[in-house]
Amino acid sequence: MHIHEFQEMMRRLYFHRDNERGVKGTYNWLADELGELGEALKANDKEAAEKEFADVIAWLTSLANITGIDLERATINKYSDKCPKCQQSPCQCTF
Ligand SMILES: [Zn+2]
């Protein structure tokens, strides 16, 4: 499944509810899910982390749907087989 197909599936499943909730409420859900992912990682609980990764992607996709962002296009445009900052693969940026 491509990112675009996942986004369309999420649109079919949840757009009516996501759109009603709005950007702020959906963003807040995404932020909560990121927090839960952080807790699962801190606890070194791989099973919980796997579920939280799924939730983060689901809520991120819902947010993209209600803001009219095509996630596949956005990610490929920015991360097209090289680092967007240094233009290298693998990245050679110094931190
Ligand atoms: Zn780089």
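The rules behind each value
- Residues numbered from 1 in each chain as written.
- Predicted model: local features only at pLDDT ≥ 70, side-chain atom pairs only at ≥ 80, totals over all residues.
- Heavy atoms only, no water.
- Donors = N, O, S within 2.8 Å, 3.2 Å for Na, K, Ca; no water.
- Tetrahedral: all angles 85-135°; square planar, octahedral: opposite > 155°, others 65-115°.
- Axes fitted to C-alpha atoms, helices over the stretch in contact; angles between N-to-C directions.
- Helix = DSSP H or I, 4+ residues; strand = E, 2+ residues; numbered from the N terminus.
- Parallel < 35°, antiparallel > 145°, perpendicular 65-115°, else oblique.
- Left-handed = near helix turned anticlockwise from the far one by under 90°.
- Nonpolar A, V, L, I, M, F, W, Y, C, P; charged D, E, K, R; others polar.
- Expected span 1.5 Å × (residues − 1).
- Bend = angle between axes of the 7 residues up to and from the residue.
- Buried < 20%, exposed > 50% of the residue type's maximum accessible area, 1.4 Å probe, protein only.
- Contact = heavy atoms within 4.5 Å.
- Salt bridge = Lys/Arg side-chain N within 4 Å of Asp/Glu carboxyl O.
- Core = buried A, V, L, I, M, F, W, Y, C linked by side-chain atoms within 4.5 Å.

1. Details of the coordination of the zinc ion
Looking at the metal site, the zinc ion is ligated by Cys83 (SG), Cys86 (SG), Cys91 (SG) and Cys93 (SG), spaced 2.2 to 2.4 Å from it. Coordination geometry of the zinc ion: the 4 donor atoms subtend angles of 101 to 117° at the metal centre, consistent with an arrangement described as tetrahedral. Here the donor residues of the zinc ion share one chain and are spaced in sequence as C-x2-C-x4-C-x1-C.

2. Thoughts on the packing of helix α1 (residues 3-42) against helix α2 (residues 46-67)
At a minimum axis separation of 5 Å, α1 and α2 run at an interaxial angle of 135°. Taken together, the axes of α1 and α2 lie oblique to each other. As α1 runs across α2, the sense of the crossing is left-handed. By residue class, the composition of the contact of α1 with α2 is 22 nonpolar, 8 polar and 7 charged.

3. Some details on α1
For α1, built from 40 residues, the straight-helix expectation of 58 Å at 1.5 Å per residue is missed by more than 12%, its first-to-last C-alpha distance being only 28 Å. Gly22 marks the point of greatest bend in α1, at about 105°. Of all the residues in α1, the buried ones are Gln7, Met10, Asp18, Gly22, Thr26, Leu30, Glu33, Leu37 and Ala40. Elements in contact with the buried residues of α1: α2 and α3 (71-78).

4. Overview of the pattern of salt bridges
Tallied over the full model, the rule gives 3 salt bridges. Here Arg11 and Glu8 are joined by a salt bridge, their closest N and O atoms 3.6 Å apart. Here Arg11 pairs with Glu8, and both are found in helix α1, just 3 residues apart, close to one helical turn. The class for Arg11 is partly exposed, based on a relative accessible area of 31%. The salt bridge partner of Glu39 is Lys42, with a shortest N-O separation of 3.5 Å. In this pair, Glu39 and Lys42 are both assigned in helix α1, 3 residues apart and thus about one turn of the helix distant. Accessibility expressed as a relative area gives 48% for Glu39, which makes it partly exposed.

5. Focus on the nonpolar core
Counting 8 residues, the largest nonpolar core consists of Leu30, Leu37, Ala40, Ala49, Val56, Trp59, Leu63 and Ile66. Mapped onto this core, the elements with two or more residues apiece are α1 and α2. Looking at which element gives the most residues to this core, the answer is α2, with 5 residues. Setting aside anything within four residues of it in sequence, one finds Ala49 in contact with Leu37, Ala40 and Leu41.

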